[in-house]
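# Secondary and tertiary structure notes
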Amino acid sequence: MIKAKWWIYQIGIPLVLLYAFPWFFNNAHTIHVAQTFLITYIVIVGLNLLVGLSNQLSLGHVGFYAIGAYSSAILTMTVGLNFFVSILISGLIAAVFGAIVALLSLRAKGPYLAMVTIAFGELISIIANRWVNVTGGPAGIKTSVPSLFGFELGQIQYMWFIGLLAIIFTAGATNIFRGRFGRTFTAFGNSEVASEVLGINVRNWKILAFSVSAFLAGVGGGLFAFQNQFISSTTFELNLSIMFLIAVIIGGSGTKIGPIIGTAVIIGLPQFLHNFVDYHLMIFGGILLIALILLPDGIVGAFTKLSYFKKFSSKKVNTDLGILHDDRKATIDLPDGINGKLLELKNISMHFGGLKAIDDVEIEVLGGTVHGIIGPNGSGKSTTVNVLSGVYMPTGGNLLWKGKDITKYAPHGIAQEGITRTFQNLQLFEDMSVLQNVMVGFHRHFKTGFLKNLLYLGQVSKEERYYAQKAYDLLRIVGLEERAHEKASDLPYGEQRLVEIARGLALKPDLLILDEPAAGASPKEIEKIMDVIQRLKNAGLSIILVEHHMDIVMNVCDYITVLDFGKKICEGTPETIQNDPRVIEAYLGGEEVNQLVAGTRSIG
Amino acid sequence: MELTDILKAIINGLVYGSVYAIIAQGYYITFITTKTLNFGQGDFVMLGSLIGLSTFMTITATGGGVWIAFIASLLLVIVILGICGWGLEQVAIRPLKSWHSIGWILSTVAVSMIVRNVAMLIWGRDVLMAPSPFGRAILDLGILKIRYHDIFVLVSAAVIMLLLYVFLKKSLFGKALEAVAFNREAASLMGINPRLMASIAFIIAGILAGVGGVLVGPMVHPGAFIGLFLGLKAFAVAIIGGIENPRGIFIGGLLLGVLENLFTLYSTSMKEAAAFFLILVILAVLPQGLFGKRVKEKF
C-alpha cells in the first residue's frame, strides 16, 4: 500500500506532467527552456548528493559536465556509437574523473577543497578551449540529432527523453537518500573520525560520493551536447559551476525537493530578466544575497521550519521505519568472550616533534575485563585512545590484537576487527536522529549493495527495518528509547554520551573504548552511565575505560593502568592503585607540594 | 631560447606574483579572523584599478601632475575600497547565521556580481588602457630592459608587505586580530570585540585589493570583467602558500608568477594550465599548502 503510493508520487505524477507539458506550452522556446531545466536538474541532483548529504564542496562541477559533453560528442560522431549509449559511457568517464578529484582532495578541507575543485574545473575548461583539434575550442563542434532505434528525436521527444532520465535518476537518488547509503554519506559529512571508528572507510565513500555526483553531471553534459547539436568551450566556465552550487544552496541543500526549486530559480530567473540585460548580474546577485540572508537553509529548508510543512520535512534520511517494538526483551548482541590477552600495547610511543605524548608504554588488556586508564591532565590518556583506535599511527612500538599486528591499521580497519570507541569531545552525527546515529553503528553488518539500494528492493527495506529495531533495542538498553527520533545534537550532554555508547555497541564490538564517558554529565546522568557500563561488564564485554571520575573507575574497573607524562607509572587492581605512592604523587604532587600545602615551605 | 628571455620571464613573474601576493594577503586576514573570505576579491581589484584609472585620467587631463594624480587616485581607491570591504562584511558575512556552511562563498559571489554589474554600467563592457605614472619609460640594463613601472610594483609590494607585517605583529590592532584568530572566545573575554575585528579585517582586505588594482592596472587592460581571473590567481596563491601563513602566501605568489611566466616561454596554453595543474599536485601531497601549518587534530 505504502509502496504503491511511493511509486505514484515519484514516477506516476512526474511522468504525466512530463507527457502533458508540450500540450500546454507548445512553442520551441519554452520546450528548449524545459530541456535546459531538466538537464541542469540532473546535474543538481548529483551535486546535492555531494554538497547536501556528504558536506563536500565542488566548485568544479563544470569539469564533469564538460567531460560528459565532449565524450558523448566524440563517441557519437567519431566512434559512431548510438547517442544514448555514448551518454551513459560519458557518465561513467565523468565518474572516473570524479574518483580522481576525490582522491586528490581527500585531505583537503574548506578553502583548500574549494581550490582543488576549482583547479580541476579550470583545467578541463582550458583543455576544452585549447585542444581545438578535438573539442573545436570556442568555435565549437557539431553533434548529430539524437536518435533512438532509428527514430530521430524531435525537440519534444528529446525533452521527454531527458525528462524520463531525470525521473529515473530522481527515484534512484531518493532511494539512496533514505537507505544506508544516504545515512553513510551524511555520517562522514558530519564527522569523518566517528564514521571511521564505526568501520566506514571514509576514503572509499568519498570516492563513491564524488563518482555518483560526477556521473550525473557527466550524463547532464552528454544530454546537453545533443540539445542544440552543437557545443562550444565557451559554455564550460567557472561561472557555471557557481550557478550549479547556487541552485543547490538556494533550493535547500540536502533536501529531496531542493534541486527542483533551485534549478527552477537559476534557469527561470534569467528568462524573466531577459529584458534587463544590462542589469542582469545585479538583479541576480541581489536576489541571491537576499535569499542567502533570509533563507540560510534554502527555500525548502525555510518551508520545512513552518509547522504546517513539518510533515513533509525531508532533511531526515528516513524516519518511517515501520513499527518499533517495545514488547520483546532488549538484548545486547555481543561476540563470544575471549579469555586471555585481547589487546597488547608493546612499547608504544607517540611523539609529536619533540613532545613525547606517550613514551614506551606497555599495556595488556585481558578479555572480559574492564581496564581503566587514568592519569592527570596531559598524561597521555587521550593519545593512547587515539593510538588504540587507529586515529594516530604510533611513532614506535606495536599493537597486537588477539596476537595479530594491527599497528598500521586505519581506524576503519581496526573497527572491522571489532574495536570501537566513544569520544571525549562528542562526535555525534548532528544532522541525524538518535536512532539513525545508532543505525550507522551497524555499518559493518549491512549486506545490501549499491545497486539494490538504488532500486530499494524489498531486501533493502527489510534490512532497514531489521536494524532499526536493533538500534531501538540498543537505545532501550541505554535508556534512550523515548529520544529515538530526536535530533542527536538536541540531547543533553550526558545523553549524547549514551548515544555514542549505543552507537559503539551497534558495531558488535569485541572491545569498546570509552573515552571519558562521564565528562560534562550531571550527577544523575553519571549514575545512568555508570549503570550502563556495569551492565555491559556483566554481559561480558571487554572495555577500556578512560575516566577522571575516580568513583566510577574504582568501582567498575578490574585492572587499572596509570599514566603520567606519557609514561606508565604503575598498574594493578583498584586497591593497589589507590595505595601506590607514585599515583598519589602524580595526582596530588610530591613531598614538596605537601609542604607547600602545609605551609612549611614557600615558593621562591 | 635565450638567457634574456628567461631573465625577462623571471622578472615579469616576480612582478605579477607580487601583485597576486598582495591581493591574497586579503584572503589571509579575513580567513584567520572569520574563517571566511571574499570570493569576489578579484572584482574589488578590478574596481580599484578602474577607479584609480578614472581619477588619474581626470586629474592629469585638468593639468595636474602625474604624481599628484597617482597619489590622489591611490588615496581615493583606499577610501572607497575600504568602505567596500566594510560593506561586504556588513551585508554578506555578518548576516549569515553560520560561517561553517558554505553560504558565505555564495554571498560574496553575489556581491561580486553586483560590483561587476555596476562597473560595467560605469566603465562599459570593453577593456581600457591604464597609463602608469612612469609612462612607458624603460630601464635599459644592456642585456635586459625593465619597465620602471615593474620596478615600482616590486618595490611597492615589498613596502606593503613590510607595512602589513609591522601592523600585524607590532600594533595592538594586529595583536588583537591574531588573538581572535587564535581563539575567538578567549579573545572576546579579554575585551576584544570579534565583530569589530571582522570589520577591520575586511576593510584591510578591501584596501589591499584596491591597491593591488592600482598597481596591476597598467600591467593588464582593466575592464569590468577582469576580476574573476585576478581573484582566481590570488586565491590560488593563497592556497599554494597556505592561507594562514602570510609569508607563505608571499613566497607562493612569487613562485606562481615566475613559474607561469617561464611556462609562457613554451606556450600560452601551458601557462594557463600550469598554475592549476601545479595546485592539484601540491594539494594532493600537502593538503595545507606549501607553508601551511599541519595540525594534528585531537579527538
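Residues numbered from 1 in each chain as written. Chains lettered and ligands numbered in written order. Predicted model: local features only at pLDDT ≥ 70, side-chain atom pairs only at ≥ 80, totals over all residues.

Let me state the cut-off plainly: UniProt positions are given in the numbering used here, feature names are shortened, and annotations may be inferred rather than shown by experiment.
As annotated in an unreviewed UniProt entry, chain B carries the name Branched-chain amino acid ABC transporter permease and is attributed to Psychrobacillus mangrovi. UniProt, in its Sequence similarities (unreviewed entry) section for chain B, records the words "Belongs to the binding-protein-dependent transport system permease family. LivHM subfamily." What the UniProt record of chain B gives under Subcellular location (unreviewed entry) is the line "Cell membrane".

Naming follows an unreviewed UniProt entry, where chain A appears as Branched-chain amino acid ABC transporter ATP-binding protein/permease of Psychrobacillus mangrovi. Per UniProt, chain A carries the Subcellular location (unreviewed entry) text "Cell membrane".

## Let's talk about the overall build of chain A
Stated formally: Secondary structure elements follow DSSP: runs of H or I no shorter than four residues count as helices, runs of E no shorter than two count as strands, and numbering proceeds from the N terminus. Field definition: a residue is buried when 20 or more other C-beta atoms are found within 10 Å of its C-beta, exposed when 12 or fewer are, and partly exposed for counts in between, with C-beta atoms placed from the backbone. Contacts here follow a simple rule: the backbone-placed C-beta atoms of the two residues must lie within 7 Å.
What chain A contains, in helices and strands, is 25 helices and 14 strands. Sorting the 604 residues of chain A into buried and exposed places 51% on the buried side. Within chain A, contacts between residues separated by at least 24 positions form 75% of all contacts whose residues are at least 6 apart in sequence.

## So, the overall build of chain B
Note the threshold: All radius of gyration figures rest on C-alpha atoms, and the globule criterion is 2.2 Å times the number of residues raised to 0.38.
Tallying secondary structure elements over chain B gives eleven helices and two strands in all. Counting helices and strands in the order they occur from the N terminus, chain B gives α-α-α-α-β-β-α-α-α-α-α-α-α. Taking 2.2 N^0.38 as the reference for a compact globule, 299 residues should give roughly 19 Å; the C-alpha atoms of chain B span a radius of gyration of 19 Å, in line with that estimate. Taking the principal axes of its C-alpha atoms as reference, chain B extends roughly 60 × 45 × 35 Å. Each of the 299 residues in chain B was classed as buried or not, and the buried ones make up 51%. A separation of at least 24 residues holds for 75% of the contacts in chain B among residues at least 6 apart in sequence.

## Topic: helix α8 (residues 180–190) of chain A
Residues and elements named next belong to chain A. Buried residues dominate α8, accounting for eleven of its eleven residues. Of all the residues in α8, the buried ones are Arg-180, Phe-181, Gly-182, Arg-183, Thr-184, Phe-185, Thr-186, Ala-187, Phe-188, Gly-189 and Asn-190. The inward-facing, buried residues of α8 abut α2 (28–53), α7 (155–178), α9 (192–197), α10 (202–225), α17 (434–441) and α18 (450–455).

## Overview of the sheet that holds strand β10 (residues 419–421) of chain A
The strands making up a sheet associate through backbone hydrogen bonding, with each pair oriented either parallel or antiparallel. Residues and elements named next belong to chain A. The cut-off we apply is this: Note: two strands are recorded as paired if DSSP finds a minimum of 2 bridges between them. Helix axes use the C-alpha atoms of the stretch in contact, all axes being lines fitted to C-alpha atoms, and the angles between their N-to-C directions lie in the range 0 to 180 degrees.
What the six strands build is an open sheet, ordered β10-β11-β12-β7-β13-β14; its pairing is mixed. Among the strands making up the open sheet, the edge pair consists of β10 and β14 (567–572). The sheet shows a mean angle of 20 degrees between the axes of neighbouring strands, direction not considered. Bridging between strand β13 (residues 559–564) and β14 involves five bridges; their strand directions are antiparallel. In the sheet register, Val-562 faces β14, and the bridge partner there is Cys-570.

## Digging into the pairing of strand β8 (residues 396–401) of chain A
Residue and element names in this part refer to chain A. As paired strands, strand β5 (residues 341–352) and β8 are joined by five bridges and run antiparallel to one another. The residue bridging Lys-346 from the neighbouring strand is Asn-398, located in β8. With two bridges connecting them, β8 and strand β9 (residues 404–405) associate as antiparallel partners. Residue pairing for β9: Leu-400 is matched across the bridge by Asp-405.

## A look at the sheet that holds strand β6 (residues 355–366) of chain A
The antiparallel open sheet is built from four strands, whose spatial order is β6-β5-β8-β9 (chain A). The open sheet has two edge strands, β6 and β9 of chain A, and neither has a second partner.

## Quick word on the nonpolar core
How we decide: For our purposes the nonpolar core covers buried Ala, Val, Leu, Ile, Met, Phe, Trp, Tyr and Cys residues that link as a set through C-beta atoms within 7 Å. Residue ranges for the domains originate in an automatic or database domain assignment.
Judged by nonpolar contacts, the single largest core of 274 residues is most densely connected at Met-115, Ala-471, Leu-475 and Ala-502 of chain A. A per-element tally of this core places helix α8 (residues 194–216) of chain B first, with 15 residues. When residues of this core are assigned to domains, at least three map to each of domain 1 (4–313) and domain 2 (341–598) of chain A. Excluding residues that lie within four positions of it along the chain, Leu-475 of chain A makes contacts with Val-434, Leu-435, Val-438, Leu-480, Glu-481, Ala-484 and Ala-502 of chain A.

## Thoughts on unusual backbone geometry
Residue and element names in this part refer to chain A. A positive phi angle, close to 50 degrees, is found at Asn-347, a residue other than glycine. Take Asn-347: it is sitting in strand β5. Overall, Asn-347 belongs to the exposed group, with 12 C-beta atoms counted inside 10 Å.

## Observations regarding the domain arrangement of chain A
All names here are of chain A. Note the following rule: Lys, Arg, Asp and Glu make up the charged group, whereas Ala, Val, Leu, Ile, Met, Phe, Trp, Tyr, Cys and Pro make up the nonpolar group; the residues left over, Gly among them, are polar.
For chain A, the assigned domains are domain 1 (4–313) and domain 2 (341–598). The C-alpha-based centres of domain 1 and domain 2 are spaced at 41 Å. Listed per partner, the contact involves 20 residues of domain 1 and 31 residues of domain 2. Of all the elements in the fold, those that place two or more residues in the side of domain 1 that touches domain 2 are α7, α8 and α9. Broken down by element, the side of domain 1 that touches domain 2 gets its largest block of residues, seven residues, from α8. Each residue belonging to the side of domain 1 that touches domain 2 can be placed in one class, and the counts come to eight nonpolar, nine polar and three charged.

## Comments concerning helix α4 (residues 103–123) of chain B
The condition is simple: A helix is expected to span 1.5 Å for every residue after the first.
Along its 21 residues, α4 of chain B runs 30 Å from first to last C-alpha, staying within 8% of the 30 Å computed at 1.5 Å per residue. A positive phi of about 85 degrees marks Gly-124 of chain B, the residue just after α4 of chain B.

## Some words on the packing of helix α2 (residues 41–61) of chain B against helix α3 (residues 66–93) of chain B
All names here are of chain B. Our working definition: Crossing handedness follows the turn of the near helix against the far one: under a right angle anticlockwise gives a left-handed crossing, and clockwise gives a right-handed one.
The interhelical angle for the contact between α2 and α3, taken along N-to-C directions, is 145 degrees, at an axis separation of 8 Å. Note that α2 runs across α3; the crossing there is right-handed. For the pair α2 and α3, the contacting residues are Phe-44, Leu-47, Gly-48, Ile-51, Gly-52, Thr-55, Phe-56, Ile-59 and Thr-60 in the first and Val-66, Ile-68, Ala-69, Phe-70, Ala-72, Ser-73, Leu-74, Leu-76, Val-77, Ile-80, Leu-81 and Cys-84 in the second. Taken together, the residues of the contact of α2 with α3 break down into 16 nonpolar, five polar and no charged.

## Considerations on the pairing of β5 of chain A
Residue and element names in this part refer to chain A. Strand direction decides the pairing type here: β5 and β6, joined by eight bridges, are antiparallel. Looking at the pairing, His-351 lines up with Lys-356 of β6. Linking two consecutive strands that pair antiparallel, namely β5 and β6, is a turn of two residues; a positive phi of about 60 degrees is found at Gly-353 within it.

## Considerations on the interface of chain B and chain A
Between chain B and chain A, the contact holds 40 residues from the first and 38 residues from the second. For the side of chain B that touches chain A, the secondary structure elements donating two or more residues are α3, α4, α9 (227–241) and α11 (268–285) of chain B. Per element, the largest residue contribution to the side of chain B that touches chain A is twelve residues, and it comes from α4 of chain B. Of the residues belonging to the side of chain B that touches chain A, the class tally is 29 nonpolar, six polar and five charged.

## What about the environment of Leu-240 of chain A?
All names here are of chain A. Residue position: Leu-240 is located in helix α11 (residues 238–251). On the basis of neighbour counts, which here come to 20 C-beta atoms within 10 Å, the residue Leu-240 falls in the buried class. Between the C-alpha atom of Leu-240 and that of Leu-223, which follows or precedes it by 17 residues, the distance is 16 Å. Aside from chain neighbours lying at most four places away, what touches Leu-240 is Val-62 and Thr-235.

## Quick look at the environment of Lys-109 of chain A
Positionally, Lys-109 of chain A belongs in the loop between α4 (83–104) and α5 (110–130). The class for Lys-109 of chain A is exposed, based on 12 C-beta atoms found within 10 Å.

## Thoughts on the confidence of the model for chain B
We count it as follows: The quantity known as pLDDT measures the predictor's confidence residue by residue, on a range of 0 to 100.
Of all residues in chain B, 98% attain a pLDDT of 70 or more, and the chain-wide mean is 91. Ranking the helices and strands of chain B by mean pLDDT puts α2 of chain B first, with 96, and α11 of chain B last, with 86.

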